[in-house]
Amino acid sequence: MVQAFDERRQRIYALMSAIPGVQCPKPTGAFYVFPDISSFGLDSVTFAKRLLAEQKVAVVPGVAFDADACVRLSYACSLAEIESGMARFRAFCESLR
């Protein structure tokens, strides 16, 4: 499982880091990425609500962690789900440009 989660961590980080306008620190623990989405001009709650409505991707608004410029995504899922979810996350971000 350690190897599987490391592979998922590396994949989601690579996909997230490749999205223009997103700044994402490399995750070092747990099963989450916490990208900065402030370049899109939306607070974390608005970003999360629109992402869910438009792309069916659920994230936790960063305001819950006193970081309104960020959202939290879990990578405790399959690589296929990561690939699909990140494609939709990227499409949403691109629609904001």
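Here, every reference points to the structure presented above.
The structure displayed is predicted, hence computed values, not measured ones.

Draft legend 1. Looking closely at the sheet that holds strand β2 (residues 60-61). Strand order in this open sheet of 3 strands is β1-β3-β2, and the pairing throughout is antiparallel. At either margin of the open sheet sits one strand with a lone partner, and together these are β1 (32-33) and β2. When β2 meets strand β3 (residues 71-74), the two strands line up antiparallel, connected through 2 bridges. Bridge assignment links P61 to a residue of β3, and that residue is V71.

Draft legend 2. Broad picture of unusual backbone geometry. Positive phi values are uncommon outside glycine, yet K56 reaches one of about 60°. Looking at the secondary structure, you find K56 in the loop between α2 (44-55) and β2. A positive phi angle, near 60°, is found at D66, a position not held by glycine. When you line up the elements, D66 lands in the loop between β2 and β3. Its relative accessible area of 75% is what places D66 among the exposed residues.

Draft legend 3. Layout of α2. Look at α2: 16 Å from first C-alpha to last across 12 residues, which is about the 16 Å you get at 1.5 Å a residue. Residues of α2 that are buried: S44, F47, A48 and L51. What you see down the axis of α2 is that its buried residues fit within an arc of 95°, all on one side. For α2, exposure combined with an orientation more than 90 degrees from the buried face picks out K49 and A53. Among the residues of α2, the N-terminal cap falls to D43, whose side-chain oxygen and the backbone nitrogen of V45 are separated by 3.0 Å. Phi for K56, located one or two positions after α2, is positive at around 60°.

Draft legend 4. Main features of the side chain of R9. Relative to the elements of secondary structure, R9 occurs in helix α1 (residues 2-17). Take R9: its relative accessible area is 17%, and that puts it in the buried class. Polar side-chain contacts of R9 include one of 3.3 Å to the backbone oxygen of P27. With residues up to four places along the chain from it excluded, the contact list for R9 reads K26, P27 and Y75.

Draft legend 5. Representation of the pattern of salt bridges within the structure. Summed over the entire model, instances satisfying the criterion amount to 4 salt bridges. E83 serves as the salt-bridge partner of R11, at 2.5 Å between the closest nitrogen and oxygen. Here E83 lies in helix α3 (residues 79-95) and R11 lies in helix α1, a separation of 72 residues in the sequence. The class of R11 is partly exposed, set by a relative accessible area of 32%. With relative accessibility at 34%, the residue E83 sits in the partly exposed group.

Rules used throughout
Residues numbered from 1 in each chain as written. Predicted model: local features only at pLDDT ≥ 70, side-chain atom pairs only at ≥ 80, totals over all residues. Heavy atoms only, no water. Pairing = 2+ DSSP bridges. Helix = DSSP H or I, 4+ residues; strand = E, 2+ residues; numbered from the N terminus. Buried < 20%, exposed > 50% of the residue type's maximum accessible area, 1.4 Å probe, protein only. Expected span 1.5 Å × (residues − 1). Arc of directions from axis to C-beta. Polar contact = N/O pair within 3.5 Å; in protein donor to acceptor, adjacent residues only side chain to side chain. Contact = heavy atoms within 4.5 Å. Salt bridge = Lys/Arg side-chain N within 4 Å of Asp/Glu carboxyl O.

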